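Architecture and fold: a report
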Amino acid sequence: MLSREPYKGLTRKLVLAFDVGTTFSGVSYCILDPGEVPVIRGVARYPAQERVGGDSKIPSILYYDLQGDVRAVGAEALQEHIIEQAEDEGWVKLAWWKLHLRAKHLASSHIRDGDIKPLPRGKSAVEVLADFMRYLFQCARTYIQESHLDLWGSIKNSIEFVFTHPNGWEGQQQQQIRRAVELAGLISSKEEQSHVHLLTEGEASLHFCVTNVIASDRFSQTPIDVADYSDDEEDQSDNQGVIIVDAGGGTIDLSAYSMKLSATSFEEIAPAECCLQGSVFVTSRARTLLQQKLSGSEHYSNPEIIAQMTEIFDNSTKLRFRKPDEPSYIKFGTIRDKDLKYNIRSGQLKLAGQDVADLFEPSIEAIIEAFEQQRRTASIPINSVWLVGGFAASDWLFAKLQEYFLPLGISFCRPDAHANKAVADGAVSFYIDHLVSSRVARVTYGIECKGQYNFQDPEHLARRHKAVIDVDGETYIYEQFESILLKGTQVSEQREFRKPFFATQKSLVACESHSEGIMCYKGALQKPRWLDTERSSFATLCTIHADLRELSRTLRPKISPLDQSKYYTFEFDIVILFGCTELKAQISWKEKGVEMRSPASIVYDDVVDGFGLKEEC
């Protein structure tokens, strides 16, 4: 276990981390007391929970009644009297609902309509997330009140929230999480969003592994203090490349880091990977297999029996599977259930071991493919791979990955500690330890712009029919793309990326504010230049809004050579910080030689259906 410095803050506060998973969810926390060494704890008791302990989580299940009100959540939703009441009153059961929030760019052709139940009428996925967050917070509050007497009153107004999300979630999904936090009542205003911190599940898992697993005797003598590490150190001889594989219910997230042995500091060395091939898709493929095998049976092809078998496979058969040369069994009925034609005997369905192994194969292939992608792009060799997450409990998954990694000379292991709480514990560690000093851009970021027409440029000549004469009398070509940050660039948290540009407006009022669309490019080109050659690879990630009223007061009108009308031009920089766990941006300009900065909010587009405003390059 890595040692920690005593908390240096002046007042007590609570760090509360939420891991909302596709199948199971949990909460971890840390009470920060001035002068005391922080200790990470997990919420270990929930209502109606059978299993209580350090690894306790609850199923991500909700029941809604016909009015859209929440009636049962988590382990409470599994109680027999709740299930009976739900059937009698027509309640809607939601499981795997987190997949409704999935990022649209993630490959999802294998997800069928039947895999995800529709949301209750009038309910959005964000509202469901808010309802679930509210329940988790209530459980955490009760647990802390019962475990730490007379404490809650001193911390209830000093809470830092950390919410994790899959590596593949971007600005839109992050904004949905923030909206859900408000709807859940965890914060009372947008101003309190500064107390909400978002983090990828991959980076949270790294922090868990560092503080619980990678810590050796050599590490344990070094207090965590990222500030001691200098970016100027060039010696890479004591660096190791490590990939964290967080295998969860819905997604499998891979994150690659360099691990500096002489100091507890980590840098991301390849773009994070995310694939929708978590454990629920093994179960989904099992349901399809059962439907096919039992399709000719008059009795056992019943959808309710198939659903029962699928649930039993998910809870036991899948977890026990180890050998493809031995049969697996789904114990679903009584001793009277027998149909030898369909391999059913004494209430058990026998499945060929190889058939079960095949259900895991797409997930295993996805992990290997993502690993190889990261290994190709990583700036240093990969020495170790760590497997965490609920899906990591599968011995078959571990054995197949070990079979792949060991011949490559790569150390592969999964922690003995409670790996299914890696994300929640790691999210708390992220807040108090903050081990990652730099991250890698997953895509190329830039802005749509218009550039002055150059008749000597073949690309301009090919688009001369698109040339436009602007109010300033100059000829421009639109639909150009100007990169601000290229994919694969390693970025420290404090490093700024600036893009200078100017804009023209026909009125002074129009100069008082400005909005700019920040775009991302996900194609194969290293330096994309034109939007019209690969339009499907571009998308508007977010829109920056800036208040430029102060700047507008310094502007003087110019006269258009076209029609002698007045127009205005202004220059400013877009300043973007990509190294944080969220995209942050602001506008910079100069007044009398002094740099001024205006706070710039970021509004993420709910639907990507167009491009931002035009910048003059």
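Everything numeric here is computed off the predicted structure, so don't read it as measured data. (Residues numbered from 1 in each chain as written. Predicted model: local features only at pLDDT ≥ 70, side-chain atom pairs only at ≥ 80, totals over all residues. Heavy atoms only, no water.)

1. As for the overall build of the protein
- The number of helices and strands found in the protein is 13 helices and 31 strands.
- Sorting the 617 residues of the protein into buried and exposed places 53% on the buried side.
- Of the contacts formed within the protein by residues at least 6 apart in sequence, a portion of 71% connects residues at least 24 apart.
- Of the roughly 28,500 Å² of accessible surface on the protein, a fraction of 48% belongs to carbon and sulfur atoms. (Helix = DSSP H or I, 4+ residues; strand = E, 2+ residues; numbered from the N terminus. Buried < 20%, exposed > 50% of the residue type's maximum accessible area, 1.4 Å probe, protein only. Contact = heavy atoms within 4.5 Å. Areas by Shrake-Rupley, 256 points an atom, 1.4 Å probe, with all protein chains shown as cover.)

2. Focus on the sheet that holds strand 6 (residues 70–73)
- Spatial strand order, 6-5-7: three strands in an open sheet with antiparallel pairing. Looking at the sheet topology across the chains shown, the edges are occupied by strand 6 and strand 7 (92–94). Averaged over all pairs of adjacent strands, the angle between strand axes in this sheet comes to 20°, irrespective of strand direction.
- Strand direction decides the pairing type here: strand 5 (residues 62–64) and strand 7, joined by three bridges, are antiparallel. (Pairing = 2+ DSSP bridges. Axes fitted to C-alpha atoms, helices over the stretch in contact; angles between N-to-C directions.)

3. A closer look at the nonpolar core
- The biggest cluster of nonpolar side chains holds 56 residues, and the ones touching the most others in it are L14, L16, F18, F161 and F163.
- The biggest single contributor to this core is helix 2 (residues 125–147), with 14 residues.
- Beyond its immediate chain neighbours, meaning those up to four positions away, F161 contacts L16, F18, F137, L186, I187, H195, V196 and H197. (Core = buried A, V, L, I, M, F, W, Y, C linked by side-chain atoms within 4.5 Å.)

4. Here we look at the sheet that holds strand 16 (residues 348–351)
- Spatial strand order, 14-16-15: three strands in an open sheet with antiparallel pairing. A strand with exactly one partner marks an edge of an open sheet, and here the two such strands are strand 14 (328–331) and strand 15 (344–345).

5. Notes on the pattern of salt bridges
- Tallying each qualifying case throughout the model produces 36 salt bridges.
- Among the salt bridges present, the one from D314 reaches K318, with a minimum N-O distance of 2.7 Å. Separated by four residues within a single helix, D314 and K318 lie in helix 8 (residues 303–320), roughly one turn from each other.
- As a salt-bridge pair, K323 and E326 come within 3.8 Å of each other at their nearest N and O atoms.
- Connected through shared salt-bridge partners, E459, R463, K466, E479, D532 and R535 make up one network. (Salt bridge = Lys/Arg side-chain N within 4 Å of Asp/Glu carboxyl O.)

6. Some remarks on empty space enclosed by the protein
- Applying the stated criterion across every chain, the model contains three cavities of 30 Å³ or more.
- Taken as a whole, the second largest cavity encloses approximately 70 Å³ of empty space.
- Contributing to the lining of the second largest cavity are F18, V20, K98, L129, M133, F163, T164, W169 and I177.
- Every element with two or more residues in the lining of the second largest cavity is listed here: strand 1 (13–20), helix 2 and strand 8 (159–165). (1 Å grid on protein atoms, 1.4 Å probe; cavity = no way out; pocket = protein on both sides within 12 Å on 5 of 7 lines; lining within 4 Å. Points joined across faces, edges and corners; volume = space filled by probe spheres on them.)

7. Some details on the side chain of H148
- Relative to the helices and strands, H148 is located in the loop between helix 2 and helix 3 (152–155).
- Not counting the four nearest positions on each side in its chain, H148 is found in contact with Y29, I31 and R41.

8. Concerning the packing of helix 9 (residues 353–377) against helix 10 (residues 395–405)
- Across the interface, helix 9 lies against helix 10 with an axial gap of 10 Å and an inter-helix angle of 45°. Accordingly, the angle class assigned to the pair helix 9 and helix 10 is oblique. With respect to the hand of their crossing, helix 9 and helix 10 are arranged in right-handed fashion. In contact with A357, F360, E361, I364, I367, I368, F371 and E372 of helix 9, helix 10 contributes W396, L397, K400, L401, Y404 and F405.
- Tallied by class, the residues present in the contact of helix 9 with helix 10 amount to eleven nonpolar, no polar and three charged. (Parallel < 35°, antiparallel > 145°, perpendicular 65-115°, else oblique. Left-handed = near helix turned anticlockwise from the far one by under 90°. Nonpolar A, V, L, I, M, F, W, Y, C, P; charged D, E, K, R; others polar.)

9. Considering the state of the cysteines
- Going through the model one piece at a time under the given rule, you end up with zero disulfides.
- Not part of a disulfide, C275 finds its nearest cysteine sulfur in C274, a span of 6.5 Å.
- Owing to a relative accessible area of 14%, C275 belongs among the buried residues under this scheme. (Disulfide = S-S within 2.5 Å.)

10. Examining unusual backbone geometry
- Not every positive phi belongs to a glycine, and S346 is a case in point at roughly 55°.
- Among the secondary structure elements, S346 is positioned in the loop between strand 15 and strand 16.
- Looking at S346, the relative accessible area reads 38%, which means it is partly exposed.
- The phi dihedral of Q564 falls on the positive side, at around 65°, and the residue is not glycine.

11. Side note on the confidence of the model for the protein
- In the predicted model, the protein carries a mean pLDDT of 87, and the fraction of residues at 70 or more is 89%.
- Segment residues 216–234: pLDDT under 50, and 36 contacts once partners within four positions in sequence are set aside and those in other chains are kept.
- Note on residues 605–617: pLDDT under 50 across the span, and 43 contacts to partners over four residues away in sequence or across chains. (pLDDT = per-residue confidence, 0-100.)

12. Quick word on a negative patch on the surface
- Negative charge collects at one region of the surface, where E80, E84, E87, D88, E89 and E304 lie side by side.
- With five residues, helix 1 (residues 80–89) is the single largest residue contributor to the negative patch.
- For E304, a relative accessible area of 67% translates into the label exposed. (Patch = residues over 30% accessible without salt bridge, like charges linked within 9 Å, V, L, I, M, F, W, Y side chains within 5 Å. Lys, Arg positive; Asp, Glu negative; His and termini not counted. Charge placed at Lys NZ, Arg CZ, Asp CG, Glu CD.)

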